[in-house]
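A look at the structure
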Amino acid sequence: MPDPHPPPIPSKDRSFAARVQTGALVIIAFAVVLALLVQAQFILISLAVSVILFSLTSDAIALVARVRFGPVKIPNWLASSLALLLLATVLLSLAAVIVSQVNTVLLTALSYSEQAPAAVAAIFSWLGKDAEEAVLSSLRAVEISGYLRTLAAQAGTLMQATVLVILFVGFLFAERVWFPVKLLNLFGNPDRARRVEEIVSSIMHRVNRYLLVKTLVSAITGLLVWGVALAFGLDLAAPLGMLTFILNFIPSLGSIVATLLMVLVTFVQTVDVGTALSVLALVGVIQFICGNILDPMLMGRALQLSSFGIIISLAFWGAIWGIPGMFLSVPIMVGLMIVCAETEALRPIAVLLSREGLAAPMHPERPAAPSRADPEPGPETVASRRVGL
């Protein structure tokens, strides 16, 4: 007969069981989040891009809305509408240019599909005839047409994603006026709401600084690579320049991949090792100067991110979202580091993610400006104006 009054479980065993249960729940929650990130990647990537574009344009909208022409002031709704119209035009035009360049690359790749394996196999001719034949047979077994169809399909979804991003940004513009009120009602404490707005402001300004500098440096690099391709008479000069511009947004790996593609295209077209090495030297110098001198000089100490942390973030988001995740890895890491730095329990994570092992302090970039709608703004309204809300 069982004992109706079993002995109590020791407190040490109870604490161990609670830790095991907590660890199991954390693992299950992490697995569920990963599954959701993978299954909803199209929506989540579009939403992340929309938030970044909204961050880039919100400060400009606030600046335009404060411009006066005598007694006349530009209404906030008009500034938002003009910004959305301009943004939609730029995004649709950029998507159309990318799709057209992808079509050019596909047609050129089809014309070189027979020549490319032989040119690449010739690189290994110094190993002997057998090695060259083995490489050639391996390359001919690759289904190039399948990869080209995949690339064409991804280019086709680009227009759909662009339209979705424009819609998301439009609704974010419509909701920006109510963001401070929602935060205040959510936390019920003006100080906590103001702190959250300052965190959002810091994330937005650092991400904006990173994207603007990266865009400028990538544009300079792409133009220089385009000039090198024209000088050597390459067929894909414009696509190679645009591809270099796009890939430079991927930290570390993007410039390497762009340089290798440039050299491969040169060798396949010219079948001359000297020309390929000359292109490698010129493009390598361009990438080194732009990536290691110009980029740090303009970026300054705006990010303070660990290089190893950037690689880990790049690998993680690349595995979850593919190439779009690689583009978004640094902005996501910036936001994560700032949030962890402002949360006492998560501060060790911010220390690990920072470059010098120090959690970067949060500094609002500029003071708030009063609005006509609030002649005597409170502290929560002031913080919201700093982020353009």
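Starting from 1, residues in each chain are numbered consecutively following that chain's sequence as written. Totals for whole chains, interfaces and linings use all residues, but because this is a predicted model, local features are given only for residues with pLDDT of at least 70 and pairs of side-chain atoms are given and counted only at 80 or more. Side-chain metrics in this entry use all non-hydrogen atoms of the structure; hydrogen atoms and water are not considered.

The condition is simple: UniProt positions are given in the numbering used here, feature names are shortened, and annotations may be inferred rather than shown by experiment.
In the nomenclature of an unreviewed UniProt entry, the chain is known as PurR-regulated permease PerM of Cereibacter johrii. For the chain, the Subcellular location (unreviewed entry) comment in UniProt is given as "Membrane". Check the Sequence similarities (unreviewed entry) section of the UniProt entry for the chain; it says "Belongs to the autoinducer-2 exporter (AI-2E) (TC 2.A.86) family."

**Quick word on the side chain of serine 329**
We count it as follows: A helix here means a DSSP run of H or I that spans at least four residues, while a strand means a run of E at least two residues long, and both kinds are numbered starting from the N terminus. Pairs of residues are marked as contacts when any of their non-hydrogen atoms sit within 4.5 Å.
Within the secondary structure, serine 329 sits in helix H13 (residues 323-341). The residues contacting serine 329, other than those within four sequence positions of it, are Pro251, Ser313, Leu314 and Trp317.

**What to know about the packing of helix H10 (residues 253-270) against helix H11 (residues 273-299)**
Axis angle and axis distance: for two packed helices, these are the angle between their axes and the distance between the axes, and together they describe the pair. Keep this limit in mind: Angles here are taken between N-to-C directions and fall from 0 to 180 degrees, while the axes themselves are lines fitted to C-alpha atoms, restricted in helices to the stretch in contact. Between 65 and 115 degrees an angle is taken as roughly perpendicular, under 35 as roughly parallel, over 145 as roughly antiparallel, and anywhere else as oblique. Two helices crossing with the near one rotated counterclockwise from the far one by less than a right angle form a left-handed crossing, whereas a clockwise rotation gives a right-handed crossing. Under the scheme applied, nonpolar residues are Ala, Val, Leu, Ile, Met, Phe, Trp, Tyr, Cys and Pro; charged residues are Asp, Glu, Lys and Arg; polar residues are all the others, including Gly.
The interhelical angle for the contact between H10 and H11, taken along N-to-C directions, is 160°, at an axis separation of 9 Å. When the interaxial angle is binned, H10 and H11 end up roughly antiparallel. Judged by the twist between their axes, the crossing of H10 over H11 is right-handed. For the pair formed by H10 and H11, the contact residues are Ser255, Ala258, Thr259, Met262, Val263, Thr266, Phe267 and Thr270 on the first element and Val273, Thr275, Ala276, Val279, Leu280, Val283 and Gln287 on the second. Looking at the contact of H10 with H11 residue by residue, the classes come out as nine nonpolar, six polar and no charged.

**Points about the pattern of salt bridges**
This is how it is decided: When a carboxyl oxygen of Asp or Glu lies within 4 Å of a side-chain nitrogen of Lys or Arg, that pair is called a salt bridge. The buried label goes to any residue with under 20% of its type's maximum accessible area, the exposed label to any with over 50%, and the partly exposed label to all in between, with areas taken from a 1.4 Å probe on protein chains only.
Counted according to the given criterion, the structure contains three salt bridges. In this structure, lysine 182 engages glutamate 175 in a salt bridge whose closest nitrogen and oxygen atoms are separated by 2.6 Å. Among the residues examined, glutamate 175 registers a relative accessible area of 39% and is labelled partly exposed. The partner of aspartate 295 in a salt bridge is lysine 214, and the shortest N-O contact between them spans 3.0 Å. Here the residue aspartate 295 occupies a position in helix H11, and lysine 214 occupies one in helix H8 (residues 190-231), the gap between them amounting to 81 residues. Its relative accessible area of 13% is what places lysine 214 among the buried residues.

**Re the UniProt feature "transmembrane region" (unreviewed entry) in the chain**
UniProt tags residues 16-37, 43-65, 77-99, 151-174, 211-233, 245-268, 275-294 and 314-339 as "transmembrane region" (unreviewed entry). A distance of 32 Å separates the end C-alpha atoms of residues 211-233, which is 91% helix and 0% strand.

**Here we look at the confidence of the model for the chain**
Let me state the cut-off plainly: Within a predicted model, pLDDT stands for the predictor's per-residue confidence, ranging from 0 to 100.
Taken as a whole, the chain shows an average pLDDT of 77; of its residues, 79% reach a score of 70 or greater. In this model, residues 363-389 is a region of pLDDT below 50 whose contacts with residues beyond four sequence positions or in other chains number 45 contacts.

**Regarding the environment of asparagine 248**
With respect to the secondary-structure elements, asparagine 248 resides in the loop between helix H9 (237-247) and H10. On the basis of relative accessible area, asparagine 248 is assigned to the buried category, the value being 9%. Between the C-alpha atom of asparagine 248 and that of alanine 219, which follows or precedes it by 29 residues, the distance is 9.1 Å.

**A closer look at the packing of H8 against H9**
Two elements in contact, H8 and H9, have axes separated by 8 Å at closest approach and are oriented at 155°. Considered as vectors, H8 and H9 are oriented roughly antiparallel to each other. Note on packing geometry: the crossing formed by H8 with H9 is right-handed. The residues of H9 that touch H8, namely those facing Thr215, Ser218, Ala219, Thr221, Gly222, Val225, Trp226, Ala229 and Leu230, are Ala237, Ala238, Leu240, Gly241, Thr244 and Phe245. Looking at side-chain class alone, the contact of H8 with H9 contains nine nonpolar, six polar and no charged residues.

**Focus: the nonpolar core**
Nonpolar side chains in soluble globular proteins tend to be buried together. Selection criterion: Only buried Ala, Val, Leu, Ile, Met, Phe, Trp, Tyr and Cys residues count toward a nonpolar core, and they belong to the same one when joined by side-chain atoms within 4.5 Å.
Residues Met262, Val283, Leu305, Trp321, Val330 and Val334 are the most contacted members of the largest nonpolar core, which totals 38 residues. At the level of secondary structure, the elements contributing two or more residues to this core comprise helix H2 (41-65), H8, H9, H11, helix H12 (307-321), H13 and helix H14 (347-353). Here this core takes ten residues from H8, the largest share from any one element. One finds Ile61, Ala79, Val165 and Ile166 within the second-largest nonpolar core, a separate group that totals 13 residues.

**Some remarks on the packing of aromatic side chains**
What counts is decided by this rule: Pairing of aromatic side chains requires ring centres within 6.5 Å, counting the rings of Phe and Tyr and the six-membered ring of Trp. Pairs whose planes differ by under 30 degrees are stacked, by over 60 edge-to-face, and all others tilted.
By the definition in use, this model includes four aromatic pairs. The interplanar angle of 50° and the centroid separation of 5.6 Å between the aromatic rings of phenylalanine 54 and phenylalanine 173 together place this pair among those described as tilted. On the criterion of sequence distance, the pair formed by phenylalanine 54 in helix H2 and phenylalanine 173 in helix H6 (residues 144-175) is long-range, its members being 119 residues apart. Residue classification places phenylalanine 173 among the buried residues on the basis of a relative accessible area of 6%. For the pair phenylalanine 316 and tryptophan 317, a centre-to-centre distance of 5.1 Å together with 85° between the ring planes defines the contact as edge-to-face. Accessibility expressed as a relative area gives 31% for phenylalanine 316, which makes it partly exposed. Residue class for tryptophan 317 comes out buried when judged on its relative accessible area of 14%.

**What to know about a nonpolar patch on the surface**
Note the following rule: Each patch is assembled from residues with relative accessible area greater than 30% and no salt bridge, linking like charges that lie within 9 Å and nonpolar side chains (Val, Leu, Ile, Met, Phe, Trp, Tyr) that lie within 5 Å. To be clear on the numbers: accessible area is Shrake-Rupley with a 1.4 Å probe, and residue cover counts the displayed protein chains and nothing else.
A cluster of nonpolar residues, Leu243, Leu253, Ile256, Val257, Leu260, Leu261 and Leu264, forms a patch on the protein surface that exposes about 560 Å² of accessible area. Among the structural elements, leucine 253 can be located in helix H10.

**Description of the environment of phenylalanine 168**
Turning to its location among the elements, phenylalanine 168 is positioned in helix H6. Separated by 114 residues in the primary sequence, phenylalanine 168 and phenylalanine 54 have C-alpha atoms spaced 9.1 Å apart. Apart from residues lying up to four places away in sequence, phenylalanine 168 is in contact with Ile43, Ser46, Leu47 and Ser50.

**Describing H12**
Put simply, the rule reads: Here the expected span of a helix is defined as 1.5 Å times the quantity of residues minus one. In protein, a polar contact means a hydrogen-donor-capable atom and an acceptor-capable atom, both N or O and within 3.5 Å, with residues adjacent in sequence counting only if both atoms are side-chain atoms; elsewhere, any N or O pair within 3.5 Å suffices.
Taking 1.5 Å per residue, 15 residues should reach 21 Å; H12 reaches 21 Å between its end C-alpha atoms and fits that length. Measuring from the side-chain oxygen of the N-cap residue of H12 to the backbone nitrogen of phenylalanine 308 gives 3.4 Å; that N-cap residue is serine 306. A positive backbone phi angle near 75° is found at glycine 322, which sits one or two residues after H12.

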